[in-house]
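Each chain, written out:
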Amino acid sequence: MKRLEPIFALSMALVAILGSIGSAPAQDYPSRPITMIVPYPAGGLFDALARILAEPMRGALAQSVVIENVGGAGGSIAVGRVARAAPDGYTLAIGSADQFVVNAAIYPLPYDVVKDFEPVALLISGPILIVSKTAVPAKNLKELMAWLNNGSGGAQHLCGIELQRIVGASWQFVPYRGAAPALQDVVGGRVDVMCPSPASSLAMVQSGLLRAYAVTDATRLASAPDIPTVDEAGFPQLHISVWGGLFVPKGTPQSVIAKLNSAAATALADPAVRRQLANIGQEVVPREQQTPEALSAVQKADIEKWWPIIKAANIKAE
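**Observations regarding the overall build of the chain**
Link 1 in the chain: Looking only at helices and strands, the chain has eleven helices and nine strands in total.
Link 2 in the chain: Within the chain, buried positions represent 48% of all 318 residues.

**What about the confidence of the model for the chain?**
In low-pLDDT segments, the atomic positions of the prediction should not be examined closely.
Link 1 in the chain: The predicted model of the chain has a mean per-residue pLDDT of 85, with 82% of residues at 70 or higher.
Link 2 in the chain: Note on residues 1-24: pLDDT under 50 across the span, and zero contacts to partners over four residues away in sequence or across chains.

**Notes on the pairing of strand S4 (residues 117-127)**
Link 1 in the chain: With ten of its eleven residues buried, S4 lies for the most part within the structure.
Link 2 in the chain: Judged from the nine bridges that link them, S4 and strand S8 (residues 241-249) form a sheet pairing that is antiparallel. Within S8, the residue paired with Glu-118 across the bridge is Val-248.
Link 3 in the chain: Where S4 lies against strand S9 (residues 283-284), two bridges are found, and the strand directions are antiparallel. Bridging from a neighbouring strand, Ile-124 pairs with Val-284 of S9.

**Re the environment of Ala-214**
Link 1 in the chain: Structurally, Ala-214 is set in strand S7 (residues 210-215).
Link 2 in the chain: By relative accessible area, Ala-214 is classed as buried at 0%.
Link 3 in the chain: With 15 residues separating them in the primary sequence, Ala-214 and Thr-229 have C-alpha atoms 5.1 Å apart.
Link 4 in the chain: If we skip the residues at most four places from it in the chain, Ala-214 touches Ile-128, Leu-129, Ile-130, Leu-141, Ile-227, Pro-228, Thr-229 and Val-230.

Conventions used here
- Residues numbered from 1 in each chain as written.
- Predicted model: local features only at pLDDT ≥ 70, side-chain atom pairs only at ≥ 80, totals over all residues.
- Heavy atoms only, no water.
- Helix = DSSP H or I, 4+ residues; strand = E, 2+ residues; numbered from the N terminus.
- Buried < 20%, exposed > 50% of the residue type's maximum accessible area, 1.4 Å probe, protein only.
- pLDDT = per-residue confidence, 0-100.
- Contact = heavy atoms within 4.5 Å.
- Pairing = 2+ DSSP bridges.

Rendered as structure tokens:
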């Protein structure tokens, strides 16, 4: 037995050395620029959110945060890239329920939106607007509902489904690659009604290019106090919010996730960042909710809520 002791001691030494080698990259993280993939073309809410956060996160991480816009298929292409990336913290996705809830119900995805990702931080939560082209004769939400009853994916699609359910009517949904081209078609009169984020549509509303009927929340937007809430308009069942969060590939070390979470929280605590987000109708979630656990819980709750509705409506990607 005594002859085995040196071998045992050598084995333990090798384990210790190999363990320290394996943990070194996480301890040194980050040592090069980080890529944040936005699952939409430039110009929408999440492009704006990523760019608002990139600079203060760079300061917290002492490394550049590079924004890369990858549109298409409701953001599933972009999120797929993150799923396939090395789990080292150098590639992360910024996204919402559109990518991490809805897409799994309507697309045949080559990845699992829960099992193939690690949540990093819940960032924001905000309502969307119900808007139309100015030629629509309705002057308020009740009149719009009546008008829809007589004629005419993602959170925007779900808003439309809820409108259909409440009105008891149906109409054609038109898919777009992003909010910007869709809004241009609303302004141009080719699309009647849309449920966009304030970030992409509020300037058009304020300039008179679009008509806004309501914000899908119980509280008016500080940046647009003249737009009534759905509660005030008589439709409290139309509460719909868009949350935003950061995700990394499954297997990313917890120490790396903790550093990214800390950098995001530092950015969200910056008064200038909070003002910029408020200006586009987005509310920073409380600090105690800016956690991986909170993001996971929100994702799970939305899956439980929306998957049955999507399946009942027989929504499929075309």
